[in-house]
Amino acid sequence: MSNTKDNFNVADLTAALNAGDRADLVNVLKNKLHDLTGKHSNVLESLSPNVRKRVEVLREIQTEHDELEAKFFEERAALEAKYQKLYQPLYTKRFEIVNGVVEVDGATAEAAAADKQEDEDAVEKGVPDFWLTAMKNNEVLAEEITERDEEALKFLRDIKWSRIDDPKGFKLDFFFETNPYFKNSVLTKTYHMIDEDEPILEKAIATEIEWYPGKCLTQKILKKKPKKGSKNAKPITKTEQCESFFNFFSPPQVPEDEEDIDEDAAEELQNLMEQDYDIGSTIRDKIIPHAVSWFTGEAAEDDYAELEDDEDEDDDEEDDEDEDEEDEEDDEDEEEDEDETKTKKKTSAVHKKSGRAPAAGDGQSGERPPECKQQ
């Protein structure tokens, strides 16, 4: 396994990634896979002619399966595109209610009653903090959102996703109200995929956020007092990167020169890219289609219930293993007891035949001490 891992060097991927040529990357992957399969060709050579013929027929069956699978992926993509269009009117209605563009039946009367006690401007419109709450209730996204981010994310009005065809992949659009943090009204994140069905991420690109002065949430300014005796009496300021959900719009980048990255750095980069894709796919597959369930927390409870079920299954398996181990130990104890009984009988028989009495220090059963047994 270690040799395979070493030969499948991520640096070879980075070269093609930075070239920006998807075809080259696919060729790199094919060549690597070809090398790997070539190393195992001796398996076929070691088979007898009859078995080898059977394996060849199995490979033909596999080819037919792969062709059907390709058609499945093609039809699935068409089906997803069809239903994505059908979802859009529902997403539009959701947007209008969440942002107070339209009012639902019954809410108007309640609002009128509230107006008697409060000014009209004080009455909440829509569903405040809808997207912020939905994302915070998801375990993956909650880890990315800091307290500093929350005020900015309260201005998030909608999130949409769309499929892109050239290159293959998908795009996420985050729509914001006018806010005191940045100028952008839309922040976009686009994922370019090598193979959308078996995802191989080529790269991710995102909108550059135009922060207002002093409002950047992805950086923090540290001020240090000057050393005593220093000619410069002004505090020393230093800017550092900090954790923030908005780092999502600064995706990991692959160095232009593959020689600039060693194996450890390549592995770390791969992990960062996988984490980035995990966040994007969570927003696409979970948050957008089931936003209200995440807002209410129902979706989180369902996820937790599924996790508990998985843990219970694991616990049941562990309990079964423990019971099997206990049964084995009981069987071993019974065998030891049987052996001990047989030994006692043999010892007693030897004593009767020789006419000897138990020696001093022997056990109550008349059995000799263990060191005597070995003689």
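Residues numbered from 1 in each chain as written. Predicted model: local features only at pLDDT ≥ 70, side-chain atom pairs only at ≥ 80, totals over all residues. Heavy atoms only, no water.

(A) Looking closely at the overall build of the chain. When helices and strands are tallied, the chain shows 13 helices and 6 strands. Buried residues in the chain amount to 24% of all 375 residues. Surface summary for the chain: the accessible area is close to 26800 Å², and the carbon and sulfur share equals 48%. (Helix = DSSP H or I, 4+ residues; strand = E, 2+ residues; numbered from the N terminus. Buried < 20%, exposed > 50% of the residue type's maximum accessible area, 1.4 Å probe, protein only. Areas by Shrake-Rupley, 256 points an atom, 1.4 Å probe, with all protein chains shown as cover.)

(B) Region of the structure containing the pairing of strand E1 (residues 156-165). The sheet contact formed by E1 and strand E2 (residues 168-176) spans 9 bridges and is antiparallel. Directly across from serine 162, in E2, lies its bridge partner lysine 171. Between E1 and E2, which pair antiparallel one after the other, the connecting turn spans 2 residues. (Pairing = 2+ DSSP bridges.)

(C) How the structure looks around the packing of aromatic side chains. Counting across every chain of the model gives 21 aromatic pairs. With a centroid separation of 4.9 Å and an interplanar angle of 25°, the aromatic rings of phenylalanine 170 and tyrosine 191 are classed as stacked. In this pair, phenylalanine 170 sits in strand E2 while tyrosine 191 sits in strand E3 (residues 186-193), placing the two residues 21 residues apart along the sequence. The exposure classification of phenylalanine 170 matches that of tyrosine 191, with both residues buried. Where phenylalanine 170 meets tyrosine 277, the ring centres are 6.3 Å apart and the plane angle is 70°; that geometry is what we call edge-to-face. On the criterion of sequence distance, the pair formed by phenylalanine 170 in strand E2 and tyrosine 277 in helix H10 (residues 263-287) is long-range, its members being 107 residues apart. By way of ring pairs, the aromatic residues Phe174, Phe176, Phe182, Trp211, Phe245, Phe246, Phe248 and Phe249 are connected into one cluster. (Phe/Tyr/Trp six-rings, centres within 6.5 Å; stacked < 30°, edge-to-face > 60°.)

(D) Region of the structure containing H10. With 25 residues, H10 ought to run about 36 Å at 1.5 Å a step, and its terminal C-alpha atoms sit 35 Å apart, in line with that. For H10, the full list of buried residues reads Ala266, Leu269, Met273, Asp276, Tyr277, Ile279, Gly280, Ser281, Thr282, Ile283, Arg284 and Ile287. (Expected span 1.5 Å × (residues − 1).)

(E) Structural context of the nonpolar core. Met135, Leu172, Phe174, Tyr191, Phe246, Phe248 and Ile283 are the most contacted members of the largest nonpolar core, which totals 46 residues. No other element matches H10, which puts 7 residues into this core. Discounting residues that sit within four places of it in the chain, phenylalanine 248 has contacts with Leu172, Phe174, Lys189, Tyr191, Asp276, Ile279, Gly280 and Ile283. (Core = buried A, V, L, I, M, F, W, Y, C linked by side-chain atoms within 4.5 Å. Contact = heavy atoms within 4.5 Å.)

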